[in-house]
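Spelled out from the first residue to the last, the chains are:
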Amino acid sequence: KGSSKSGRGALIVLEGLDRSGKSSQCARLLSYLEGKGCQAEGWRFPDRGTSVGQMISAYLANESQLDDRTIHLLFSANRWEKRALMERKLLGGTTLIVDRYSYSGVAFSAAKGLGIEWCKAPEVGLVAPDLVIYLDVQPEKAAERGGYGGERYERIEFQNKVGEHYHSLHDSTWKVIDGSLAMEAVEEQLRELAMNCIQECQGRQLTNLAW
Ligand code: 2DT
Ligand code: MG
């Protein structure tokens, strides 16, 4: 079962372009896991609830202007301020389903022209995910889904660049799901990947992002 008492929780991250379905799928996966009796929580980055998160939120809403490197480091700081709690939850047996993480941090900033290595550096030492699921949708398709909400970055040309950078980040922890499939089909694949991950990670120690 997904929730042996002594075991640790899994860190499962969903990534993808805006409107790729991440948030809906995170919610569906979370209620599925809870229904299975699995101890799980849904998290998201940016976490707009902290004071750093409020600065990020104002920037995304175009209510403030920040230098590209400055906002990059704020996104990173927003993960660092949650790192200790994240580790505690995972070691305490709670699985975390996280909507965006360091890969968003790198892909979005690199799409503005910042160097990849520079973008990765502040992420080193955060908790490494056990599984990263990339919901793959074409930016044009994503934009059709009710359109974008008008936040910064929600433009097709920019999303295309973000997509290219995401693809350069794929490693052994990544699984790609075709996000243009029906919601139920995506959900089904996600459940299977998550359940396998929760079981398999029991035997492995938590590690840090090394990059
Ligand atoms: P949401 O629409 O998912 O709230 O994201 N972003 C996110 C970055 O540029 N760097 C990061 O580190 C993270 C986590 C992606 C809001 C936007 O913030 C971007 C979309
Ligand atoms: Mg958004």
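Since the structure is predicted, the reported quantities are computational estimates derived from the model, not experimental observations.

## Re the UniProt feature "domain: Thymidylate kinase-like" (unreviewed entry) in the protein
Line of reasoning, step 1. Listed under "domain: Thymidylate kinase-like" (unreviewed entry) in the UniProt record, and renumbered for this structure, are residues 14-189.
Line of reasoning, step 2. End C-alpha atoms of residues 14-189 are separated by 13 Å, and the span's content is 51% helix alongside 14% strand.

## Examining the nonpolar core
Line of reasoning, step 1. With 41 residues, the main nonpolar core has Ile12, Val98 and Ala107 as its most contacted residues.
Line of reasoning, step 2. Looking at this core, the elements that each hand over two or more residues are strand S1 (11-16), helix H1 (22-35), strand S3 (95-99), helix H4 (102-110), strand S4 (131-136), helix H7 (156-169) and helix H8 (183-200).

## Points about the site of ligand 1
Line of reasoning, step 1. Around ligand 1, the neighbouring residues are Asp18, Phe45, Pro46, Leu60, Phe75, Arg100, Ser104, Gly105, Phe108 and Tyr153.
Line of reasoning, step 2. Here the element with the most residues in the shell around ligand 1 is H4; it accounts for three residues.
Line of reasoning, step 3. Of the residues that constitute the shell around ligand 1, the class distribution is six nonpolar, two polar and two charged.

## Looking at unusual backbone geometry
Line of reasoning, step 1. That bond from Phe45 to Pro46 is cis: its omega, -5°, falls within 30 degrees of zero.
Line of reasoning, step 2. Structurally, the position occupied by Pro46 is in the loop between strand S2 (40-44) and helix H2 (51-60).
Line of reasoning, step 3. The backbone of Arg100 shows a phi angle near 75°, a positive value even though the residue is not glycine.
Line of reasoning, step 4. Within the secondary structure, Arg100 is located in the loop between S3 and H4.
Line of reasoning, step 5. One non-glycine residue, Trp211, adopts positive backbone phi at about 40°.
Line of reasoning, step 6. As for its placement among the helices and strands, Trp211 is situated in the segment after H8.

Parameters at a glance
Sequence order sets the numbering: in each chain, residues are counted from 1 along the sequence as written. For naming, the first written chain is A and the first written ligand is 1, with later ones following in the order written. Restriction of local features to residues with pLDDT of at least 70 applies here, the model being predicted, together with a cutoff of 80 or more for giving and counting side-chain atom pairs; totals for whole chains, interfaces and linings are based on all residues. UniProt positions are given in the numbering used here, feature names are shortened, and annotations may be inferred rather than shown by experiment. Numbered from the N terminus, helices here are DSSP runs of H or I no shorter than four residues, and strands are runs of E no shorter than two. As used throughout, a nonpolar core is a set of buried Ala, Val, Leu, Ile, Met, Phe, Trp, Tyr and Cys residues joined through C-beta atoms within 7 Å of each other. Between the buried cut of 20 or more and the exposed cut of 12 or fewer other C-beta atoms within 10 Å of a residue's own C-beta lies the partly exposed class, and all C-beta atoms are placed from the backbone. Being near a molecule or strand means, for a residue, that its C-beta atom, positioned from the backbone, comes within 6 Å of it. Amino acid classes used here: Ala, Val, Leu, Ile, Met, Phe, Trp, Tyr, Cys and Pro are nonpolar; Asp, Glu, Lys and Arg are charged; the rest, including Gly, are polar.

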